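# Residue-level structure breakdown
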Amino acid sequence: MEIQLLLAGILFLTGLAGFLVRRNIIFMLMSIEIMLNSAGLAFIIAGSHWMQTDGQVMFIFILTVSAAEVSVGLALILQMYHHYRTLDADAINKLRDSKDNENI
Amino acid sequence: MNTIFIIAGTVAIISSLMSITNRNAIHALLFLILSLLSISIIFYISGAPFIAALEVIVYAGAIMVLFIFVVMMLNIGQQEEFEHKWLKPGMWIVPGILATVLLVIFIYVLKEYHFEEKVTVVIGPKAVATSLFSSYLIAVELAAILLLAGIIGAYHLGRQRKKVIHRFLVRAPGKKQPSGSHEIKAN
């Protein structure tokens, strides 16, 4: 059990590192997928350890959330590419104050 | 079981790392699919065959196809230069050492706390469905509402619209227009 939880933790940290490091927004979405998947892995492992079905039920809910998030996120990425012609997450700073914009 | 787990887990970790450090989006997606497939093997050997099938069908089948579809639609090949300085190997030495220290501590803590060993029991789809539709029924309906919201949101965001900019905003001094493909009718 401990080594399986270790695997889930390492996968989650991989996804977190990818989310923090990459600026390409498609890679950020993929890192979110890795993190959600590792959380589901932890649920399955715990459910199989205590021989309950709740872990698998929770994984189905995680799957639902992940599917909804990916569809909306990819639609947002399409809109962003349509407007800005880039996938750089730092390029979307129109909400920032214009005074700060001059300093950058 | 343990050998299979170690092999599949190693493949999962390595392919996840390759996926987040790859420059090419399609290659990264293929590595991500590999990681999902190896995690599905882990689900299978820890007694959840239904979830293993769902992982392959929904994650590796549907969600990754959505990703690949968007990547191919946007025609992203080699990435632009904006994140080259983030991916230099020299930057990773100190955070890598610190993370390795934390990982060693994590392994030590998990080794110290002994879980009692149990035989793997296969929990089939029937038990999962019984639990899902009896005690988690309200959560199933909430998930349905969430999926409906996702469908509506994706449809609303994915629509191509003519953007209407007010004529006072068209030629604001010193402001650059957002570079889209919209034709602004000059009044």
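Residues numbered from 1 in each chain as written. Chains lettered and ligands numbered in written order. Predicted model: local features only at pLDDT ≥ 70, side-chain atom pairs only at ≥ 80, totals over all residues.

### Regarding the overall build of chain B
Note the cut-off: By definition, any uninterrupted DSSP run of H or I lasting at least four residues is a helix, any uninterrupted run of E lasting at least two residues is a strand, and each is numbered from the N terminus. As a rule, residues whose C-beta atom has 12 or fewer other C-beta atoms within 10 Å are exposed, those with 20 or more are buried, and those in between are partly exposed; C-beta atoms are placed from the backbone. Two residues qualify as a contact pair if the distance between their C-beta atoms, derived from the backbone, is within 7 Å.
Within chain B, the regular secondary structure consists of 7 helices and 0 strands. Element order for chain B, N to C, with α for helix and β for strand: α-α-α-α-α-α-α. Looking at chain B residue by residue over its 187 residues, the buried ones come to 21%. When contacts within chain B are restricted to residue pairs at least 6 apart in sequence, those whose partners lie at least 24 apart make up 53%.

### Quick look at the interface of chain B and chain A
Contact with chain B, which involves 60 residues of that partner, is made by 57 residues of chain A. Among the elements that take part in the side of chain B that touches chain A, helix 3 (residues 49-74) of chain B stands out by supplying 11 residues, more than any other.

### Focus: the confidence of the model for chain A
Using the following cut-off: Confidence scores here are pLDDT values: one per residue, from the predictor, ranging 0 to 100.
Chain-level statistics for chain A give a pLDDT mean of 86 and a share of 93% at 70 or above. Of all helices and strands in chain A, the one with the weakest mean pLDDT is helix 4 (residues 98-103) of chain A (56), whereas helix 2 (residues 25-49) of chain A scores best (92).

### Points about the packing of helix 3 (residues 54-84) of chain A against helix 3 of chain B
What counts is decided by this rule: A fitted line through C-alpha atoms represents every axis, and for helices the fit uses only the stretch in contact; the resulting angles, taken between N-to-C directions, go from 0 to 180 degrees. Roughly parallel covers angles under 35 degrees, roughly antiparallel covers those over 145, roughly perpendicular covers 65 to 115, and oblique covers all other angles. Amino acids outside the nonpolar list (Ala, Val, Leu, Ile, Met, Phe, Trp, Tyr, Cys, Pro) and the charged list (Asp, Glu, Lys, Arg) are all regarded as polar, and Gly is one of them.
Contact geometry for helix 3 of chain A and helix 3 of chain B: axes closest at 11 Å, N-to-C directions at 5°. On the basis of their axis angle, the class for helix 3 of chain A and helix 3 of chain B is roughly parallel. Residue-level contacts link Q56, F59, L63, S66, A67, V70, S71, L74, I77, L78 and Y81 of chain A of helix 3 of chain A to F50, I51, L54, V58, I63, L66, V70 and L74 of chain B of helix 3 of chain B. Split by residue class, the contact of helix 3 of chain A with helix 3 of chain B holds 16 nonpolar, 3 polar and no charged.

### Overview of helix 2 (residues 25-45) of chain B
For the α-helix, the turn length of 3.6 residues means that residues three or four positions removed from each other point alike. Rules: A helix's residues, less one, multiplied by 1.5 Å, set its expected span.
Counted at 1.5 Å a residue, the expected span for helix 2 of chain B with its 21 residues is 30 Å, and the 31 Å between its end C-alpha atoms agrees. Just downstream of helix 2 of chain B lies G47 of chain B, where phi reads positive at about 85°.

### Brief notes about the packing of helix 1 (residues 2-21) of chain A against helix 2 of chain A
All names here are of chain A. Rules: Crossings are assigned a handedness: left-handed for a near helix turned anticlockwise from the far helix by less than a right angle, right-handed for a clockwise turn.
At a closest axis distance of 8 Å, the pairing of helix 1 and helix 2 adopts a crossing angle of 165°. Taken together, the axes of helix 1 and helix 2 lie roughly antiparallel to each other. Like other packed secondary-structure pairs, helix 1 and helix 2 cross with a definite hand, here left-handed. Across the interface between the two elements, Q4, L5, A8, L11, F12, T14, G15, L16, G18 and F19 from helix 1 touch F27, M28, S31, I32, I34, M35, S38, A39, L41, A42 and I45 from helix 2.

### Considerations on the domain arrangement of chain B
Defined as follows: An automatic or database domain assignment is the source of the domain bounds shown.
Assigned domains of chain B: these are domain 1 (1-79) and domain 2 (124-159). The straight-line distance from the C-alpha centre of domain 1 of chain B to that of domain 2 of chain B is 23 Å.

### What to know about the nonpolar core
As a reminder, the rule being used: Joining buried Ala, Val, Leu, Ile, Met, Phe, Trp, Tyr and Cys residues through C-beta atoms within 7 Å gives a set, and that set is a nonpolar core.
Core analysis: the biggest nonpolar cluster contains 47 residues, and I26 and I44 of chain A together with I51 of chain B have the highest contact counts within it. Of all the secondary structure elements, the ones that give two or more residues to this core are helix 1, helix 2 and helix 3 of chain A together with helix 1 (2-21), helix 2, helix 3 and helix 5 (125-134) of chain B. Beyond its immediate stretch of four places on either side in the chain, I44 of chain A contacts G55, Q56 and F59 of chain A together with F43, S46, A48 and I51 of chain B.

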